[in-house]
Amino acid sequence: MSMTQDELKLAVARAARDYVAAQLPAGGILGVGTGSTANFFIDELASIKDRIGGTVASSEATKKRLAGHGIRVLDLNDVGEMAIYVDGADEIDAGFAMIKGGGGALTREKIVAAVARTFVCICDASKLVATLGKFPLPLEVIPMARAHVAREVEKLGGTPALREGFVTDNGNLIIDVHGLAIADPQGLETQFNQIVGIVTNGLFARRGADVLLLGTPAGVKTSKR
C-alpha cells in the first residue's frame, strides 16, 4: 500500500520520538529543528515531554510550536551541553551530508547542530540523493552584500536567485543557488564560508548527520554514520 508524504513524515516523526525516549538522558536537553517533518516530530514529542529537561528551538516558529505543547524552551546560551538534535533535510546523501534551509532557518539550525553530541536527521525517502544540488542551496546573506554574493556565486558556477519577500529570523535575506552538482560537499561548504557577506550556507557537510531515520513505504529505516 502506498503512503502519502505526510504519512511517511508522521511515521519518521514517531520513530524519532521513540529514539529520543530511548537515548536522551533523563532531564537532558533536546535540540529541535524547523520544517514540516520537524513539526510532526514536535507534535509527537508532547507525549514524552515530562522526561525532557528542556529544548532549544532552531527558529521562532519551532519555539512557538514547542511552547504551544507546554514543552520548555531554553536559550542556547544557557545550555552547556545538548545530547541530541533532531531535524529534517531538504536533501541528504549517502555520506550524511545535507542541504538544509528550505524553510530559511539554516543559520540557527547549524548553530544548534554544532552544540549537539548527536545529530538525528529525519526525512522521507525522496530526500535521499546520490549527489546534492538538485534542491537549490540556500545562503543566508547580509542585505548590503546581496549583489556581491550573487556575483561570487556565479563565479562558482551557480545561478543565484533572491528568495522574494522573505526575511530570516535574524533579519537577513536568502539567496537560493540553482544549478549545482555538489560532488564535494565539505569543500564547497568551506568555499561558501569564505565569501564575505554570507552568514551561513545550507550545506551541512562538515557537521553532517550522525543518525538517519528514513521514512519508506516499507517502514522507517535507521542508519548510522
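What comes next is a walk through the structure. Starting from 1, residues in each chain are numbered consecutively following that chain's sequence as written. pLDDT decides what is reported in this predicted model: residues at 70 or higher carry local features, side-chain atom pairs at 80 or more are listed and counted, and totals for whole chains, interfaces and linings draw on all residues regardless. Heavy atoms throughout the structure, all of them, feed into the side-chain values; hydrogens and water do not.

The convention used is that axes are lines fitted to C-alpha atoms, helices contributing only their stretch in contact, and that angles between N-to-C directions extend from 0 to 180 degrees. Helix and strand definitions here come from DSSP, where helices need a minimum of 4 consecutive H or I residues and strands a minimum of 2 consecutive E residues; each element is numbered from the N-terminal end. Viewed as axis vectors pointing N to C, helix H2 (residues 36-45) and helix H3 (residues 60-68) meet at an angle of 20°, and their least axial separation amounts to 9 Å. Judged by the angle between their axes, H2 and H3 are roughly parallel. H3 is crossed by H2, and the crossing has right-handed handedness. Seen from H2, the contacting residues are Asn-39, Ile-42, Asp-43 and Leu-45; seen from H3, they are Thr-62, Arg-65 and Leu-66. Here the nonpolar group is Ala, Val, Leu, Ile, Met, Phe, Trp, Tyr, Cys and Pro; Asp, Glu, Lys and Arg are the charged ones; every other residue, Gly included, is treated as polar. Partitioning the contact of H2 with H3 into residue classes produces three nonpolar, two polar and two charged. Roughly parallel here means an angle under 35 degrees, roughly antiparallel means over 145, roughly perpendicular means 65 to 115, and every remaining angle is called oblique. Helix crossings get a hand from a simple test, with the near helix turned counterclockwise from the far one by less than a right angle marking a left-handed crossing and a clockwise turn marking a right-handed one. By the convention used here, residues are in contact when the closest approach between their heavy atoms is within 4.5 Å.

Here the rule is simple: two strands pair whenever DSSP picks up at least two bridges between them. One open sheet holds the six strands; their spatial order is E2-E1-E3-E6-E12-E13, and the pairing between them is mixed. Both edges of this open sheet fall to strand E2 (54-57) and strand E13 (219-224), since each of them pairs with a single strand only. Pairs of neighbouring strands in the sheet enclose a mean axial angle of 20°, with direction left out of account. The sheet contact formed by strand E6 (residues 116-124) and strand E12 (residues 211-216) spans five bridges and is parallel. Bridge pairing in E12 links Asp-124 to Gly-215. Strand contacts of helix H1 (residues 5-23): strand E1 (29-32), strand E3 (82-87), E6, E12 and E13, with the helix running at about 145° to E12, the strand carrying the most contacts.

Now for unusual backbone geometry. One non-glycine residue, Phe-96, lies in the positive phi region at around 70°. Following the sequence through the fold, Phe-96 ends up in the loop between strand E4 (91-92) and strand E5 (98-99).

Pairing is antiparallel across the open sheet formed by three strands, whose spatial order is E4-E5-E11. Looking at the sheet topology across the chains shown, the edges are occupied by E4 and strand E11 (203-204). Pairing geometry for E5 and E11, over two bridges, is antiparallel. Note on E11: the bridge partner recorded for Ile-99 is Leu-203.

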